[in-house]
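Here is how the chains run, residue by residue.
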Amino acid sequence: MTAAGIARLAGVGRAAVSNWRRRHPDFPKPVGGTETSPSFALAEVEQWLRDQGKLAEVPLRERVWQQIAGHPAGAVAALVHAGCVLLLVRDRSAVWSTLAALPDGRFADALPLALEETLTARLGPVRAVRTPAPVELAPSVPLLRGAAELAAETGARQAFEFLLGRHLDANPRQYTLTPPGPAALMAELAVPTGPQAHGAGRPTVLDPASGTGGLLRAVEHPAALHGQDADRDLAALTALRLALSTDADIRVRGGDSLRADAFPALTADAVLCHPPFNERNWGHDELAYDPRWEYGFPARTESELAWVQHALARLRPGGTAVLLMPPAAASRRSGRRIRADLLRRGALRAVVALPAGAAPPYGVPLHLWVLRKPVPGGRPPAELLLVDAASEHATAGGGAGGRDGRDGRDRLDWQAVHTAVLDAWTPFDRDGTVTCTPGAARSVPVIELLDDDVDLAPARHLPPPAAAEDADQLAGVRERLTETLRRTRELTPPPVDGPAPAGSGGPVRWPTTTVGELARAGALTLRPGGAGTARAGTPVAVLTDHDVLAAQLPSGTLPDGPPEEPVLLAAGDVVVPVLGGGSAVRVVDAATAGAALGRNLQLLRPDPATLDPWFLAGFLRATANTRQASSYASTATRLDVRRLQLPRLPLREQRTYGARFRALADFEESLRLTARLGEQLVQGLHDGLANGTVRP
């Protein structure tokens, strides 16, 4: 296990682990890794932490994860072994019970036969998951027994989802994930589940670039799920994930779908795909005469149009494909002939512009292409649906940009986007046309699009929306701005007094203490954020680090998963972001109380009889304080909250300082509101003057 894993076990920052290594000669020695990133033996670390009183017991799920992270064959191989055993535990529990009673050596020898039978029955004789040999399973025996124990606590599916989720979180740049919001929308467009389903049976669905299986998992009640991915290890993990998630037939293969299609004879009811973008080496030279290019041979720079035609080739007549596409694919001149043929023959049915932050790459507002394989002898539809869901998000969930250079993905209102898209697609799919909604949706005659550019970007064909504000509304904004400016002036701090001790001429030198010392003395409680899952049907809001930095209400939601209690906020708690080196601190109020504490946040819960929360928050925010408690060992600055200092003052004096810090917070919030209202008024006047609703 790494230093980060040790920190997670003990509930401290990584800087604390570094201090332990320096200060304690008996701290376990590294057993692997590198000089800058050493790894340690889990058993030795666990024993040392327990001897030091820093650990009561390692949770089972943490123990199993550390066994995966430190597996000699690598985390992916360990996850595959664990997934195979979890499938055996779920599908053939009696066989597992017999095997689990064997000693370790015989257990590893006997397990492959049971795994082969289980995998063949569930995934077919030709599959992405290879049955591991006894010599491969021998190092995994403690892990496999632990995984089975975890399954007994949480269920086999939940256990594998937790372990796979931890692996994906630990390697964010290695995998391109399709978030649940767009995955659910794509599945609903391809395989309707509501009244628009028209009584269809259970579908057969293909994802030719299946990644971690997020799109296929979003399909409700499938008959069969087919997947293929160029990363063979990832294909194996996806096969196990799907097998544990659904009773559908699972057929997943490894390999490049364009160069080595594993399902050449498949006629699926639906295809879902988040293909790799901007691939130059997609097979252009060797696939020039491939029969899949029914709508034209894609240029070397048009790999996405190769995936579009591959999806159409694997559909039954009348089947639907939904692909996540880069916006450039709708307008690049090199693809205009293929786009034109897709339109003429009725294969392309809709183009939907999503908000920025919907899916990787998060800074780009991606498109959804909805395609339908033409029925022989059928008449091509006369119109194409164009939807700009980014505008819906702008009104429902706030802008998609901002956030200190971030992309806004944490603030997307996916329910509003989902509803807006389906409200346009459902009547269009039924009637072949839809009533125009300015700025949001329009069905465009195909003949209008067949010009020299064949540009399908929705924003270029939608009439402008109605003015966001008319003259009366703008007058109201101006009144609010005037009132806020008055209040801001009233809240402006008075002239600064000198140091409290008369004639001292310099900073006050108080006796100080640290947050760590206060925690050990019981004056406050420290809790790290990021853990916890939601109970079924009980959504819980999450306060994210962005919410703290932007001074806004909680915008996240807890994920589903194995039962795990989150850290819930209470009024008077103090929340500190630990990444970025900034000086942002938040005192929780009634509007935020009850939300869960998100990742990269640290909770300080002061004892009200000892510490004033506003006094605590004010001194923690001081620039010199955060600077001396920050670590710069990695690419991101990390704050060691335990090292933050504050003066030792009686409670009465704390409250005096706390009242002043609270007044500063009110002034800061008034400044923020002033800025927002000013921006709204300026943009509204620009729009009103431009569209004629406001006279110059």
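Residue positions are given per chain, counted from 1 along the sequence in the order it is written. Under the rules for a predicted model, residues below a pLDDT of 70 receive no local features and side-chain atom pairs below 80 are neither given nor counted, while totals for whole chains, interfaces and linings still include all residues. Note: side-chain values were computed over all heavy atoms of the structure, leaving out hydrogens and water.

- Under an unreviewed UniProt entry, the protein has the name N-6 DNA methylase and belongs to Streptomyces gulbargensis.

**Section: helix α5 (residues 75–91)**
And step 1. Only runs of H or I of at least four residues qualify as helices and only runs of E of at least two qualify as strands under DSSP, and these elements are numbered from the N terminus. Given a helix with a known number of residues, its expected span is that number minus one, times 1.5 Å. Over its 17 residues, α5 extends 24 Å from the first C-alpha to the last, a length consistent with the 24 Å expected when each residue adds 1.5 Å.
And step 2. Most of α5 is tucked away, with 14 of its 17 residues classed as buried. Each residue's exposure class comes from its accessible area (1.4 Å probe, protein chains only) as a fraction of the maximum for that residue type: buried when under 20%, exposed when over 50%, partly exposed otherwise.

**Some thoughts on the sheet that holds strand β4 (residues 224–229)**
And step 1. Here the rule is simple: two strands pair whenever DSSP picks up at least two bridges between them. The strand order across the open sheet formed by nine strands is β5-β4-β3-β6-β7-β9-β8-β10-β11, and the pairing between neighbours is mixed. The open sheet terminates on both sides in strands that have one partner only, identified here as β5 (249–254) and β11 (441–445). Taken pair by pair, the neighbouring strands of this sheet meet at an average axis angle of 15°, ignoring direction.
And step 2. Two elements, strand β6 (residues 268–273) and strand β7 (residues 315–325), share five bridges in a ladder whose sense is parallel. In the strand pairing of β7, Ala 270 is matched with Thr 320. All axes here are fitted lines through C-alpha atoms, helices being fitted over the stretch that makes contact, and every angle between N-to-C directions spans 0 to 180 degrees.

**Description of the packing of α5 against helix α9 (residues 141–154)**
And step 1. Taken N-terminus to C-terminus, the directions of α5 and α9 make an angle of 50°; their axes are 9 Å apart at the nearest point. What the angle tells us is that α5 and α9 run oblique. For the crossing formed where α5 meets α9, the hand is right-handed. Contacts between α5 and α9 pair Ala 78, His 81, Ala 82, Val 85, Leu 86 and Val 89 from the former with Leu 143, Leu 144, Ala 147, Ala 148 and Ala 151 from the latter.
And step 2. Residues that form the contact of α5 with α9 fall into these classes: 10 nonpolar, one polar and no charged. Oblique is the label for any angle not covered by the other classes, which are roughly parallel (under 35 degrees), roughly antiparallel (over 145) and roughly perpendicular (65 to 115). Whether a crossing is left-handed or right-handed is set by the direction in which the near helix is turned from the far one by less than a right angle, anticlockwise for left-handed and clockwise for right-handed. Here, residues are in contact when the closest pair of their heavy atoms is within 4.5 Å. Side-chain classes follow a simple rule in which Ala, Val, Leu, Ile, Met, Phe, Trp, Tyr, Cys and Pro form the nonpolar group, Asp, Glu, Lys and Arg form the charged group, and the remainder, Gly included, forms the polar group.

**Observations regarding the packing of aromatic side chains**
And step 1. Here is the rule: rings of Phe, Tyr and Trp (six-membered ring for Trp) pair when centre to centre is within 6.5 Å. Planes less than 30 degrees apart are stacked, more than 60 are edge-to-face, and the remainder are tilted. The tally for this structure, following the rule as stated, stands at 12 aromatic pairs.
And step 2. Ring centres 5.8 Å apart and planes at 85° place the aromatic pair Phe 27 and Phe 40 in the edge-to-face group. Residue Phe 27 is located in the loop between α2 (14–23) and β1 (32–33), and its partner Phe 40 is located in the loop between β2 (38–39) and α3 (42–51); the two are separated by 13 residues in the primary sequence. In terms of burial, Phe 27 and Phe 40 fall into one category: buried.
And step 3. Between Trp 282 and Trp 293, the ring centres sit 5.9 Å apart and the planes meet at 85°, which makes this aromatic pair edge-to-face. Placement of Trp 282 in the loop between β6 and α14 (303–313) and of Trp 293 in the loop between β6 and α14 is noted, with a sequence separation of 11 residues between them.

**Focus: helix α22 (residues 613–620)**
And step 1. Of all eight residues in α22, eight are buried; the element is thus mostly enclosed.
And step 2. Taken together, the buried positions of α22 are Pro 613, Trp 614, Phe 615, Leu 616, Ala 617, Gly 618, Phe 619 and Leu 620.
And step 3. Any N or O atom pair separated by 3.5 Å or less is treated as a polar contact, with the protein-specific requirement of one donor-capable and one acceptor-capable atom, and with residues adjacent in sequence counted only for side-chain atom pairs. Put simply, Asp 612 is the residue that caps the front of α22, since its side-chain oxygen is 3.1 Å from the backbone nitrogen of Trp 614.

**Focus on the sheet that holds strand β15 (residues 556–557)**
The strands making up a sheet associate through hydrogen bonds between their backbones, and the pairing can be parallel or antiparallel.
And step 1. Read across the sheet, three strands follow the order β15-β14-β18 without closing on themselves; strand pairing throughout is mixed. Only two strands of the sheet have a single partner each, and these edge strands are β15 and β18 (596–597).
And step 2. Sheet analysis places strand β14 (residues 541–543) next to β15, joined by two bridges and oriented antiparallel. Its bridge partner lying in β15, Val 542 is registered against Gly 556.

**Description of the nonpolar core**
And step 1. Membership of the largest hydrophobic core comes to 94 residues, with the highest contact counts inside it found for Leu 111, Val 129, Leu 189, Leu 272, Leu 354 and Leu 368.
And step 2. Judged by nonpolar contacts, the second largest core, of 40 residues, contains Leu 287, Leu 343, Leu 371 and Leu 449. The set of buried Ala, Val, Leu, Ile, Met, Phe, Trp, Tyr and Cys residues whose side-chain atoms join them within 4.5 Å is what this entry labels a nonpolar core.

**Description of the pattern of salt bridges**
And step 1. Salt bridges are defined as contacts in which a side-chain nitrogen from Lys or Arg sits within 4 Å of a carboxyl oxygen from Asp or Glu. Applying the stated criterion to the full structure yields 33 salt bridges.
And step 2. One salt bridge in this structure joins Arg 202 and Asp 247, with 3.1 Å as the shortest N-O distance. Here Arg 202, found in the loop between α11 (180–190) and β3 (204–207), pairs with Asp 247, found in the loop between α13 (232–245) and β5; they are 45 residues apart in sequence, far enough to count as distant.
And step 3. For Asp 247, a relative accessible area of 62% corresponds to the exposed category.
And step 4. In this structure, Arg 648 engages Glu 517 in a salt bridge whose closest nitrogen and oxygen atoms are separated by 3.9 Å.

**Considering the confidence of the model for the protein**
And step 1. Along the chain, pLDDT gives the predictor's confidence residue by residue, from 0 to 100. Of all residues in the protein, 91% have pLDDT values of 70 or greater, and the mean over the chain is 88.
And step 2. Throughout residues 394–408 the model reports pLDDT below 50, and contacts reaching past four residues in sequence, or to other chains, amount to 24 contacts.

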